[in-house]
Amino acid sequence: MSSKTTGDILGEISKSISNLEPLDQVTKLVKKALKEHSVTEIIDGALKKGLDEVGNRYEKGEYFLSELLYAGEIMTNISNVLKPHMKQTDVGQREVILLGTVRGDMHDIGKNIFGMIAQFSGFKVQDLGVDVDPKTFIDETKKCGADIVGMSTLLTSTLPEVKTVIDGLKEVGVRDRVKVIIGGNAVTKQFAEEVGADAAALDAVEGVDICKRWRAK
Amino acid sequence: MTPRERMNAVLNFRKPDSLPWLESLYDETTMTWFRQGLPTDKVIVIEWEMGRGGTNLYNWPAVKGFDAYSYFGCQSFYGCVVPVDVGPLPRFKQRVLEEDERYLTMMTETGATARRIKSEERTWYSMPMFTEFPVKDEKSWEIYKKRLDPKDPRRYPKDWNKDDYIKIFEGYQRGITMLRFNGFYGFGAELMGIAPFNIMLHKDPELIHDMAEHWEYYLRETLREAIEILKDRIDMVFWWEDMAEKHGPLMSPKSFREYCLPHYKNLTNFLRKNKIDRIMVDSDGNVNPMIDLFVESGITGMWPLEVNCNMNAIEIKKKYGNKLFLIGNLDKRELAKGGEAMRKEVDAKVPILKEMGGYIPSADHLIPVEFSLERFREYADYIKGLLPYK
């Protein structure tokens, strides 16, 4: 696996993801790589690096949401190529992020991008969708053994829902074993502190970075 | 000065006798205020209207509706608007597709499928979730395009008459006269959905170019007659985009330059030839990386300049001076707190921007339902005291 050609193909895939090349071109490279590499090697050596670089360029202001969305499209296409070759060991033990937009709010673009990046950063993402009832957040946290609960709200009118969920997690005794991260247009770091969330993310990339830092500890 | 003269003075960087003040209210906010004591009888405007949409022949005064704007003494973006239909024709038949206790799923007039919460407090404010859009690819675009035919005679009102409409547009004084349409980003995102449209910018550039080219041709040719007749009797163009979120624009400046800029320029040049040069982009979110491009493309104004998205009217004014008129930028969250927080927000901006010129005070988006009637009254009283030039 240490030959120059082998290293190059993973590098090429990573570069083609970060440069947002056409879908067929990227998937062609992945198919080629599958002849020499395991799925784990492709994920760790190419996909994560490529997506990290997309995130870096977004943070630097070179890429915008449109580029993040297209990167998501590339990753979905690659996933479809990799799936038939995937073994349980390729997936491993992953931290679970339970995700949803709070009750009364139907916005989902930011949440979906966060979910996509988190998934390709090695998290298992369980997305509850939009307009999620506090009880559903609480019940599902217990049921799926979530490590992180992510709540999104774009509207100021639905901000109180965040506190309702956090209070509910306390009531059922699971708040101490989960991290709570919130995001969306209406959310501020100050609000996160006020309601007792562990973090507020200003955008999807920052949100996943925070989750990665929690995982590393 | 009349309200229209005041607005036009500011939009053209002249000094009025008193600054106008402009707001936009969600219907849900007005409804909430009625429950909080807004006097219904004082907000109803009765105007002599003929015809009632052509459905009958009565010549009775008609209740025009609620006009909270004149009750509070502020301007709105709704008033005398060029009455040309730029929507798809024929319209899609608006109908309920599915309904349960909490949601209503419906086909919209523009052919999208929208799911929304049924409760009356959330009719529009919380926005529906769009689950399907009419344009998905080249094939569906070619089909949709047929509904965007500028030559369709139904686009102009049945009573369209050059002299009568000139008279209406000249005589209107309650506010400014306006031409409204979707911009090139807004148009694409409405037809394809925000996420699919943004993906398509990279996936199928030819399709995006074709859509933008057609939209430019369609707008110019559909509106040509009205624009050439009404000319500078149209005070302002309201160019809807909503192209940004909190972090920044959804579309990159590079993509804007490639897909939008040429069409912006062609359209603003056409408007300018007809002496219409007050052209305002309406975009929520952080559009700071786009301002240079807006100016280059012939845009001359911006609204609403959301504070929580890092928009700063004073900084923009310092940098762009009289290249841009600005409306908004008063942090709605601070205004809604009332008292000292409200006064601090207003005092930090309005007196400075008033002196800089080309600025109309307004909250940095529509007034949300959390803004109580009592606090809005307090804000209205306070801001009105700062408007006159002494």
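Quick note: structure is the one above.
Cut-offs and rules
Residues numbered from 1 in each chain as written. Chains lettered and ligands numbered in written order. Predicted model: local features only at pLDDT ≥ 70, side-chain atom pairs only at ≥ 80, totals over all residues. Helix = DSSP H or I, 4+ residues; strand = E, 2+ residues; numbered from the N terminus. Rg over C-alpha atoms; globule rule 2.2 N^0.38 Å. Buried ≥ 20, exposed ≤ 12 C-beta atoms within 10 Å, placed from the backbone. Expected span 1.5 Å × (residues − 1). Arc of directions from axis to C-beta. Contact = placed C-beta atoms within 7 Å. Pairing = 2+ DSSP bridges. Right-handed = clockwise from strand over helix to strand, strands pointing away. Nonpolar A, V, L, I, M, F, W, Y, C, P; charged D, E, K, R; others polar. Axes fitted to C-alpha atoms, helices over the stretch in contact; angles between N-to-C directions.

Chemist: Teacher, can you tell me more about the overall build of chain A here?
Modeler: In terms of helices and strands, chain A carries ten helices and five strands. Since a compact globule built from 217 residues should have a radius of gyration of about 17 Å, the 18 Å found for chain A is in line with a globular shape. Based on the C-alpha atoms only, the size of chain A along its principal axes is roughly 55 × 35 × 30 Å. In chain A, buried positions account for 51% of the 217 residues.

Chemist: I keep staring at the environment of Lys390(B) and nothing clicks. Help me out?
Modeler: Structurally, Lys390(B) is set in the segment after α15 (373-386). Considered as a pair, Lys390(B) and Asp17(B) are 373 residues apart in the sequence and their alpha carbons are 8.2 Å apart.

Chemist: Help me understand helix α8 (residues 159-171) of chain A in this model?
Modeler: Every α-helix carries 3.6 residues per turn, so stepping three or four residues along brings you back to the same face. All names here are of chain A. Taking 1.5 Å of rise per residue, the 13 residues of α8 would be expected to cover 18 Å, and the 19 Å separating its terminal C-alpha atoms lies within 8% of that figure. Leu 159, Glu 161, Val 162, Val 165, Ile 166 and Leu 169 are the residues of α8 that are buried. Buried residues of α8, seen end-on, are gathered within an arc of 155° and therefore sit on one face of the element. On its buried side, α8 packs onto α7 (134-144), β3 (148-152), β4 (179-183) and α9 (189-195). Once α8 finishes, Gly 173 follows within two positions and takes phi at roughly 80°, a positive value.

Chemist: Whenever I open this one, the pairing of strand β1 (residues 96-101) of chain A confuses me. Can you help?
Modeler: Put simply, side chains in a regular strand alternate between the two faces of the sheet. All names here are of chain A. Burial analysis of β1 places five of its six residues in the buried class, the great majority of the element. The sheet contact formed by β1 and strand β2 (residues 124-127) spans four bridges and is parallel. From the neighbouring strand, Leu 98 faces β2, where its bridge partner is Gln 126. The β-α-β motif built from β1, the intervening helix α6 (residues 109-120) and the parallel element β2 has right-handed crossover chirality. Pairing geometry for β1 and β3, over five bridges, is parallel. Within the sheet, the bridge partner assigned to Ile 97 lies in β3 and is Ile 148.

Chemist: Mind showing me how you'd approach the interface of chain B and chain A here?
Modeler: Note: interface size is frequently given as the accessible area lost on complex formation between the parts. Taken together, the contact between chain B and chain A spans 27 residues of the former and 24 residues of the latter. Broken down by element, the residue count for the side of chain B that touches chain A peaks at seven residues, all from helix α8 (residues 194-203) of chain B. By residue class, the composition of the side of chain B that touches chain A is 14 nonpolar, seven polar and six charged.

Chemist: Looking at this structure, I do not really get the environment of Glu334(B). What am I missing?
Modeler: All names here are of chain B. Counting through the fold element by element, Glu 334 comes out in helix α13 (residues 332-337). For Glu 334, a count of 20 C-beta atoms within 10 Å corresponds to the buried category. On a C-alpha basis, the gap between Glu 334 and Ala 363 in space is 9.7 Å, while along the polypeptide they are 29 residues apart. Setting aside its immediate chain neighbours within four residues, Glu 334 contacts Ala 341, Met 342 and Glu 345.

Chemist: For this particular structure, what's the right way to read the sheet that holds strand β5 (residues 103-107) of chain B?
Modeler: Strand pairs in the sheet, formed through backbone hydrogen bonds, run parallel or antiparallel to each other. Residue and element names in this part refer to chain B. A sheet is described by the order of its strands in space; here four strands give the open sequence β4-β5-β6-β7, paired in antiparallel fashion. At either end of the open sheet lies a strand with only one pairing partner, and these are β4 (95-99) and β7 (129-132). Each strand of the sheet is rotated relative to its neighbour by a mean of 30°, with strand direction disregarded. In the sheet, β5 pairs with strand β6 (residues 113-117) via five bridges, with the strands oriented antiparallel. In the sheet register, Met 107 faces β6, and the bridge partner there is Thr 113.

Chemist: Where do I start with unusual backbone geometry in this structure?
Modeler: The bulk of non-glycine residues show a negative phi, and the bulk of peptide bonds are trans. All names here are of chain B. Put simply, Leu 89 and Pro 90 share a cis peptide bond, and its omega is -5°. By secondary structure assignment, the location of Pro 90 is in the loop between β3 (80-81) and β4. Residue Pro 304 is reached from Trp 303 by a cis peptide bond, and omega for that bond is 5°. For Pro 304, the position within the fold is in strand β11 (residues 301-304). The backbone phi angle of Phe 13 is positive, close to 60°, even though this residue is not glycine. As for its position among the elements, Phe 13 is in the loop between α1 (3-11) and α2 (27-35). A positive phi angle is found at Lys 275, which is not glycine, with a value near 65°. One can find Lys 275 in the loop between α10 (253-273) and β10 (279-283).

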